[in-house]
Amino acid sequence: MIPRDVEPRLLRGFVAVAEELHFTRAAARLYVAQQALSRDVRRLETALGAGLFVRTTRAVELTADGERLLPLARRVLAAHEALAAAFAGPRALLVDLNTDGPSTARTVLERARELAPDCELMARFESGLTYAAAEVAAGRLDVSFGYADGLDPRLRARLAHRPVRYEPLAVLLPDGHPLAARADVPLDALAGESVYAGAGNPRTLEWTGLARELLEGRGIALAPPAPVAMGKDEFGRVMAKTRNPVLVTVDFLDLPGSVKRPLVDPVPLSPLSMVWRKGFSHPGLDALHRAADLLAAGHGWLEVPPASWRPAALTGGPGGG
């Protein structure tokens, strides 16, 4: 007989193990001891009268019953979260902007605050969608922004996302660089340069992947890893040492000792998406959606200009307009 009073905690532990396929990682994600999580999984298996995982010394895999339970458990947990939110009142929405400087994400957040002044939308700065998306999936963040198609497909499958803007890209050049005197920089003028795009930073794998695709075949190298710098002052200091051009968006903050120039011929576009957990609801999230719609319509954020470049994931072939 199927029990009707399975505790949400047991289902939450099952979903974490099913998604991580690793008890230690799942326990860390839930902030519980591994032994406690193992006990909860065994309790759920006993309650259901079914084995949910095949455990070996090397791997954890879902059984057929586990595969059948997973979508049902996710639906139950989403409904439980919605029920709690409906009667407890909305908590603050944690919105990752990736950077504490100017950005499209900040513009969306500020408009959402105007649209929903009674909601508390709290900004966070996690520096990279790869890291932030994992935090969103684990419930430690609610929303983030970035190149969602550049995420690992297994992580992306646990998230919902929507396009917000095709962001034109620019290059940050150190003062005195031969290209710094130009109003804009043709992409091929960077041939022979090493351009920094976060290589070696595990938080920004999606950004490095986009840059690699853009620069490939143009005689432009990805700059080697640099120390991961948090905050504009540290980032500016590290970049001043390397003196490599830096791939950025046109809204990226201005740094002392450098100039920012838009890239042209073609105009490279970075597809910025808003990302949140599947099944998650919150009035602040609704406000972010409305803000993104209004800004995109008012500023043409989702229009693709002629002679532009986008990643192959959006064009169905080699990057192009």
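Everything discussed here concerns the structure shown above.
Since this is a predicted model, take the numbers as computed values, not measurements. (Residues numbered from 1 in each chain as written. Predicted model: local features only at pLDDT ≥ 70, side-chain atom pairs only at ≥ 80, totals over all residues. Heavy atoms only, no water.)

As a further point, take helix H6 (residues 129-137). Among the 9 residues that make up H6, 7 are buried, leaving the element largely enclosed by the rest of the structure. Within H6 the residues assigned to the buried category are Leu129, Thr130, Ala132, Ala133, Glu135, Val136 and Ala137. Backbone geometry just downstream of H6 places Gly139 in the positive-phi region, at approximately 85°. (Buried < 20%, exposed > 50% of the residue type's maximum accessible area, 1.4 Å probe, protein only. Helix = DSSP H or I, 4+ residues; strand = E, 2+ residues; numbered from the N terminus.)

As a further point, take the nonpolar core. Counting 27 residues, the largest nonpolar core has Val95, Val108, Val143, Phe145, Val164, Met274 and Leu288 as the members making the most contacts within it. Per-element accounting of this core gives the leading share, 7 residues, to helix H10 (residues 283-299). Setting aside anything within four residues of it in sequence, one finds Val164 in contact with Thr104, Val108, Phe145, Leu272, Ser273, Met274, Ala292, Ala296, Trp301 and Leu302. (Core = buried A, V, L, I, M, F, W, Y, C linked by side-chain atoms within 4.5 Å. Contact = heavy atoms within 4.5 Å.)

We now examine the pattern of salt bridges. Two side chains with opposite charge may pair up if their charged atoms get near one another. On inspection of all chains with the given rule, the structure shows 21 salt bridges. Across the pair Arg111 and Glu114 runs a salt bridge, and its minimum N-O distance is 3.5 Å. With Arg111 and Glu114 both in helix H5 (residues 104-115) and 3 residues apart, this pair spans about one turn of that helix. Take Arg111: its relative accessible area is 28%, and that puts it in the partly exposed class. The closest approach of N and O atoms between Arg165 and Asp251, which form a salt bridge, is 2.7 Å. Note that Arg165 is positioned in strand E6 (residues 159-174) and Asp251 in the loop between strand E10 (246-249) and strand E11 (258-264), a separation of 86 residues in sequence. Residue Arg165 is classed as buried on the basis of its relative accessible area of 12%. When salt bridges with common partners are traced through the structure, they connect Glu19, Glu20, Arg25, Arg29, Arg74 and Arg158 into a single cluster. (Salt bridge = Lys/Arg side-chain N within 4 Å of Asp/Glu carboxyl O.)

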